[in-house]
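# Architecture at a glance
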Amino acid sequence: MAIKRSKLQHFMNTTPSETTPTYNLMNLGITSLSIAKNPTYLEEGYIANDVGTKELESLAPEFSFEINVDDTDPVSIFLTDLEWKDKTMKDVQTDIVSVQLWKTPTGTPAAYPAKKYNVSISVETIGDEALKTLKHSVKAGVRGDAVFGTFAPSTKTFTATP
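Everything in this summary refers to the structure shown in the same document.

What counts, and where the lines are drawn
Residues numbered from 1 in each chain as written. Predicted model: local features only at pLDDT ≥ 70, side-chain atom pairs only at ≥ 80, totals over all residues. Heavy atoms only, no water. Helix = DSSP H or I, 4+ residues; strand = E, 2+ residues; numbered from the N terminus. Buried < 20%, exposed > 50% of the residue type's maximum accessible area, 1.4 Å probe, protein only. Contact = heavy atoms within 4.5 Å. Areas by Shrake-Rupley, 256 points an atom, 1.4 Å probe, with all protein chains shown as cover. Lys, Arg positive; Asp, Glu negative; His and termini not counted. Charge placed at Lys NZ, Arg CZ, Asp CG, Glu CD. Patch = residues over 30% accessible without salt bridge, like charges linked within 9 Å, V, L, I, M, F, W, Y side chains within 5 Å. Salt bridge = Lys/Arg side-chain N within 4 Å of Asp/Glu carboxyl O. Arc of directions from axis to C-beta. Pairing = 2+ DSSP bridges.

This part takes up the overall build of the chain. Scanning the chain for helices and strands turns up one helix and eleven strands. Ordered by position from N to C terminus, the α and β elements of the chain give β-β-β-β-β-β-α-β-β-β-β-β. Along the three orthogonal principal directions, the C-alpha set of the chain runs to about 65 × 45 × 35 Å. Residues counted as buried form 28% of the 162 residues belonging to the chain. By sequence separation, contacts in the chain at least 24 residues apart represent 58% of the contacts at least 6 residues apart. Of the accessible surface of the chain, which amounts to about 10400 Å², a share of 52% is contributed by carbon and sulfur atoms. Charged side chains of the chain number 16 positive and 20 negative; the gap between the two group centres comes to 8 Å.

Let us now look at a nonpolar patch on the surface. Together, Tyr41, Leu56 and Leu59 make up an exposed nonpolar region whose accessible area comes to about 290 Å². Tracing the backbone through its elements, the reader meets Leu59 in the loop between β5 (53-58) and β6 (62-68). Taking relative accessible area as the criterion, Leu59 reaches 47% and is therefore assigned partly exposed.

Counting across every chain of the model gives six salt bridges. Residue Asp81 is joined to Lys85 by a salt bridge in which the shortest nitrogen-to-oxygen separation is 3.0 Å. For the salt bridge of Lys132 with Glu129, the shortest nitrogen-to-oxygen distance reads 3.8 Å. Salt bridges here are not isolated pairs; linked through shared partners, they connect Glu66, Asp128 and Lys135.

Let us now look at the side chain of Glu83. Mapping Glu83 onto the fold places it in helix α1 (residues 74-84). Buried and unpaired, Glu83 has no salt bridge, with Lys85 as the nearest side chain of opposite charge at 11 Å. Setting aside residues up to four positions removed in sequence, Glu83 forms contacts with Val123, Ile126 and His136.

Moving on to the environment of Lys87. Within the secondary structure, Lys87 sits in the loop between α1 and β7 (93-100). The partly exposed category is assigned to Lys87, whose relative accessible area is 30%. Not counting the four nearest positions on each side in its chain, Lys87 is found in contact with Asp81, Leu82 and Val92.

Among all positions of α1, only Val75, Ser76, Phe78, Leu79, Leu82 and Glu83 are buried. In a view along the axis of α1, the buried residues occupy a sector of 160°, so they form one face of it. Buried residues in α1 make contact with β1 (8-13), β2 (23-25), β6, β7, β8 (112-127) and β9 (135-142).

Moving on: unusual backbone geometry. Omega for the peptide link from Thr108 to Pro109 comes to 0°, which places this bond in the cis form. Tracing the sequence through the fold places Pro109 in the loop between β7 and β8. Phi at Met89 takes a positive value of approximately 50°, unusual for a residue other than glycine. Positionally, Met89 belongs in the loop between α1 and β7.

A word on the pairing of β6. Looking along a regular strand, one sees the side chains alternate between the two faces of the sheet. Because side chains alternate across β6, one face comprises the buried residues Phe63, Phe65 and Ile67, and the other comprises Glu62, Ser64, Glu66 and Asn68, none of which is buried. As judged from the four bridges shared by strand β3 (residues 33-36) and β6, these two strands associate in the antiparallel manner. Bridge pairing in β6 links Ser34 to Ser64. For β6 and β9, the ladder comprises seven bridges, and the chain directions are antiparallel. Residue pairing for β9: Ser64 is matched across the bridge by Lys139.

Okay, structure coming up:
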């Protein structure tokens with residue numbers, strides 16, 4: 001059975017400098033969001049073989065999306081601040097939690113399987129055509145291994161799996 005895109009949700013920590021994260025749903029103004037896995041392969045040919053060997057060596061995931069600038073949306077406000085202040089390095093680091101809402105939840109409040117990615121945000125462009133809503137084109141490069149766990153959308157709380 002097909003799974004709707006709305007069942008894979010993403011929550012961005014919009015207060016990365018605070019002790020307690022504030023996760024906000026990445027939704028308003030985002031019509032498409034993809035995670036490119038960017039695989040790297042080790043390719044070798046062995047002397048007794050006629051066909052080469054290709055082995056998946058590593059992944060370098062990256063989120064990419066466009067978002068309409070909206071002064072009421074916490075994700076848009078956070079990204080606009082990064083762009084306006086030309087922030088770089090540790091100042092653009094935060095985390096994004098991806099949540100599988102089509103899976104069976106556990107506990108109370110309901111918690112769904114999730115992965116937390118530490119990311120480095122790049123607001124690559126700002127603008128659009130005349131008479132259109134202002135947009136950001138955004139990439140978020142994943143920094144290291146994801147942390148697996150659960151996420152409770154009602155409390156916006158991520159819990160790592162031990």
